[in-house]
Number of protein chains: 2
Amino acid sequence: MQKDMVRVAVDAMGGDNAPEQIVKGVVEAVNESADIQVSLFGLEDAVKVELQKYTYPSERITVVNAAESISMDEPPVMAIRRKKDSSIVKGLQTVREGTADAFVSAGSSGAILAGGQLLVGRIKGIERPPLAPLIPTESGVSLLVDCGANVDARPSHLVQFAKMGAIYMESVVGIKNPRVAIVNIGTEEEKGNMLVKETFPLLKACPNINFIGSIEAREIPHGGADVIVCEAFVGNVILKLYEGLAGTLLAKVKEGLMSTLRSKIGAVLIKPALKSTMKGFDASQYGGAPLLGLKGLVVKVHGNSKSTEVKNALNQCRTFKQQNINEKIKQYIDVPTAT
Amino acid sequence: MQKDMVRVAVDAMGGDNAPEQIVKGVVEAVNESADIQVSLFGLEDAVKVELQKYTYPSERITVVNAAESISMDEPPVMAIRRKKDSSIVKGLQTVREGTADAFVSAGSSGAILAGGQLLVGRIKGIERPPLAPLIPTESGVSLLVDCGANVDARPSHLVQFAKMGAIYMESVVGIKNPRVAIVNIGTEEEKGNMLVKETFPLLKACPNINFIGSIEAREIPHGGADVIVCEAFVGNVILKLYEGLAGTLLAKVKEGLMSTLRSKIGAVLIKPALKSTMKGFDASQYGGAPLLGLKGLVVKVHGNSKSTEVKNALNQCRTFKQQNINEKIKQYIDVPTAT
């Protein structure tokens with residue numbers, strides 16, 4: 001039975017709603033699924049106070065004390081190296097040692113990315129582990145790979161992103177034969193910057209993916225591809241503009257609704273329907289953003305995550321393990337012949 | 001009097017609504033402003049049929065026959081070289097010759113960008129003319145520079161974009177001491193890809209601009225800066241994602257409004273207020289996207305432009321000339337000492 005358990009190390013101290021919502025989400029996940037086992041890393045007393053609020057199978061949630069915390073604005077690599085007693089470092093180390101299958105944190109993205117590489121380590125042959133969040137589209141979700149911190153990527157990195165992204169979308173999200181596209185400024189093959197022009201033929205020649213060519217940013221929200229490949233700078237711009245623009249537009253809609261008496265009455269009538277439609281435009285039901293290509297799974301959830309997102313991330317870890325994603329990645333990635 | 005006239009060459013055949021809406025917009029502009037004079041380039045008969053619908057001072061609108069047209073999917077440079085009798089080539093040539101101050105087109109972006117450089121030519125010292133559209137924000141508009149077709153920019157290009165963008169925002173849009181920022185994946189100075197890291201200190205040292213540092217894409221819709229500097233690939237992604245995501249979100253809102261009887265009744269009540277608020281989230285009142293740093297003004301208006309956008313672009317040409325933008329650019333740009 002221990003064999004089928006998914007063992008997840010969770011950073012109890014990361015994000016805006018820690019430890020309350022983190023602990024709540026962990027309890028919800030464990031109560032819903034008999035095969036999830038969690039180690040909560042953080043200030044033992046604070047975490048235990050939260051746990052005492054709930055009923056749960058105590059043999060499946062343990063608390064590990066971690067006295068230090070890494071803040072959002074600390075230089076990540078230095079923080080990982082120095083703060084040996086932080087929840088991120090201690091949690092990631094259990095993945096490295098193999099006593100946990102996955103690590104989930106709502107804390108500093110930079111520290112999670114740096115720690116994932118430094119402490120967990122890459123699968124042999126993987127040049128760079130990308131951060132691959134799901135973004136909502138008109139028709140569902142798309143995987144945006146890479147949104148990490150490693151900028152100035154090479155074409156070979158992007159090809160690996162495409163392969164790992166396709167595996168993830170097919171096995172974890174359940175999209176059969178996912179359409180892979182590269183972000184470009186036009187749809188013709190000769191368009192693009194040097195990186196895209198060099199990567200395009202490599203993706204075209206790639207046997208294991210359903211490459212459909214270039215995608216313009218305009219088509220991303222329409223669901224024009226399932227796996228959207230780009231280097232991290234562009235991915236970061238897309239991800240953050242998505243968040244910012246959605247916020248601004250919905251604020252504008254709200255401003256319109258509140259601008260006249262007539263519209264205020266209308267607003268009351270439309271609210272439930274609008275809320276339920278907009279809820280569909282949300283990718284958090286699928287969990288957080290995985291860092292792909294590491295020896296274990298590392299998941300970054302949004303800093304403002306509530307218990308539901310934490311619970312979804314734990315379910316994501318379970319699917320990731322059950323679907324043997326890392327075995328599939330190892331199988332598909334060509335190990336470079338270089339030294 | 002001829003001296004104060006703004007002489008604009010207009011591509012009567014470009015875009016989805018040509019020649020009807022183009023001609024209509026030209027007539028509206030000329031009727032509103034006594035100092036705008038237009039040459040309409042296109043199929044003479046078709047243009048004249050449209051003109052006959054209106055009353056206007058005939059001495060200020062002339063028609064120049066141009067038998068060829070350049071389509072959206074033609075390789076731009078080749079089209080500009082070969083189609084000597086196209087509305088774009090003939091119109092741009094009048095700017096080159098100095099018989100027009102500006103050229104306005106809703107046609108192929110690629111052809112307009114290529115033609116601007118090849119036929120009109122750059123101001124001495126300008127390394128690259130950027131395409132600089134205005135994008136709507138919560139608080140007004142921001143200039144996004146560069147969204148053109150010249151990717152893989154160098155730091156010195158971005159510095160020139162910043163200077164020209166600041167001049168444009170101050171003189172044409174009327175923003176005093178506009179805040180200039182560079183698109184980045186974090187706000188700390190050490191963040192970014194190689195291009196941004198190299199450009200940052202150059203912008204910081206630049207005496208003539210109000211450089212406020214990095215801007216994350218999330219802050220762009222919030223109006224975090226007035227002039228948003230980036231290389232063309234990133235600019236293109238931002239511009240197109242803006243369009244695509246706004247379309248998708250508004251479609252989602254509509255879907256929500258139409259989903260129940262109750263919400264349908266509410267929709268009728270909110271419609272006028274919502275429409276007027278969303279109208280504020282629109283940059284087209286400022287005209288089209290200028291190609292900055294050329295010896296004359298070249299303006300690309302959206303392919304689906306209606307008469308109002310065309311009229312606004314003609315007013316933009318007038319402000320551009322009245323404010324002596326090109327003289328200001330010449331003054332501020334340091335002429336490189338290279339050969």
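Structure's up top.
Here is what the cut-offs are and how they apply
Residues numbered from 1 in each chain as written. Chains lettered and ligands numbered in written order. Predicted model: local features only at pLDDT ≥ 70, side-chain atom pairs only at ≥ 80, totals over all residues. Heavy atoms only, no water. Helix = DSSP H or I, 4+ residues; strand = E, 2+ residues; numbered from the N terminus. Contact = heavy atoms within 4.5 Å. Lys, Arg positive; Asp, Glu negative; His and termini not counted. Charge placed at Lys NZ, Arg CZ, Asp CG, Glu CD. Buried area = accessible area lost by both parts, 1.4 Å probe. Salt bridge = Lys/Arg side-chain N within 4 Å of Asp/Glu carboxyl O. Polar contact = N/O pair within 3.5 Å; in protein donor to acceptor, adjacent residues only side chain to side chain. Nonpolar A, V, L, I, M, F, W, Y, C, P; charged D, E, K, R; others polar. Pairing = 2+ DSSP bridges. Axes fitted to C-alpha atoms, helices over the stretch in contact; angles between N-to-C directions. Buried < 20%, exposed > 50% of the residue type's maximum accessible area, 1.4 Å probe, protein only.

As for the overall build of chain A
Here comes step 1: Counting secondary structure elements, chain A contains eleven helices and eleven strands.
Here comes step 2: A sequence separation of at least 24 residues applies to 73% of the contacts in chain A between residues at least 6 apart.
Here comes step 3: Each charge class in chain A was averaged separately, 39 positive and 36 negative side chains, and the resulting centres sit 1 Å apart.

Re the interface of chain A and chain B
Here comes step 1: In this assembly, 50 residues from chain A lie in contact with 51 residues from chain B.
Here comes step 2: Interface area for chain A against chain B, summed over the two sides, is near 5,000 Å², with a carbon-plus-sulfur share of 75%.
Here comes step 3: A per-residue breakdown of the area chain A buries against chain B is headed by Ile185, Phe233 and Leu241 of chain A, which together make up 14% of the total.
Here comes step 4: Our count for the chain A to chain B interface comes out at four salt bridges.
Here comes step 5: Across the salt bridge formed by arginine 218 of chain B and glutamate 243 of chain A, the nearest N and O atoms sit 3.1 Å from each other.
Here comes step 6: Inspection of the region where chain A meets chain B yields 16 residue pairs in polar contact (both at pLDDT 80 or more).
Here comes step 7: When contributions to the side of chain A that touches chain B are tallied by element, the ones reaching two or more residues are α7 (194-204), α8 (232-257) and α9 (261-279) of chain A.
Here comes step 8: For the side of chain A that touches chain B, the element with the highest residue contribution is α8 of chain A, accounting for 19 residues.
Here comes step 9: When its residues are assigned to classes, the side of chain A that touches chain B shows 28 nonpolar, 13 polar and nine charged.

Here's the deal with the sheet that holds strand β7 (residues 179-183) of chain B
All names here are of chain B.
Here comes step 1: An order of β5-β6-β9-β7-β8 is seen for the five strands of this open sheet, with the pairing classed as mixed. Edge strands, defined here as strands with exactly one partner in the open sheet, are β5 (134-137) and β8 (210-215). The mean angle between the axes of side-by-side strands here comes to 30°, regardless of whether they run parallel or antiparallel.
Here comes step 2: Pairing between β7 and strand β9 (residues 227-229): three bridges, direction parallel. Note that in β9 the partner of alanine 181 across the bridge is isoleucine 228.

Topic: the side chain of aspartate 146 of chain A
All names here are of chain A.
Here comes step 1: As for its placement among the helices and strands, aspartate 146 is situated in the loop between β6 (140-145) and α6 (155-173).
Here comes step 2: For the buried aspartate 146, no salt bridge is present, and the opposite-charge side chain at shortest range is arginine 128, 5.5 Å distant.
Here comes step 3: Within the structure, aspartate 146 has its side chain in polar contact with the backbone nitrogen of leucine 131 (distance 2.9 Å).
Here comes step 4: At 2.6 Å, the side chain of aspartate 146 forms a polar contact with the backbone nitrogen of glycine 148.
Here comes step 5: The contact partners of aspartate 146, leaving out residues within four places of it in the chain, are Pro130, Leu131, Phe161, Cys230, Glu231, Ala232, Gly235 and Asn236.

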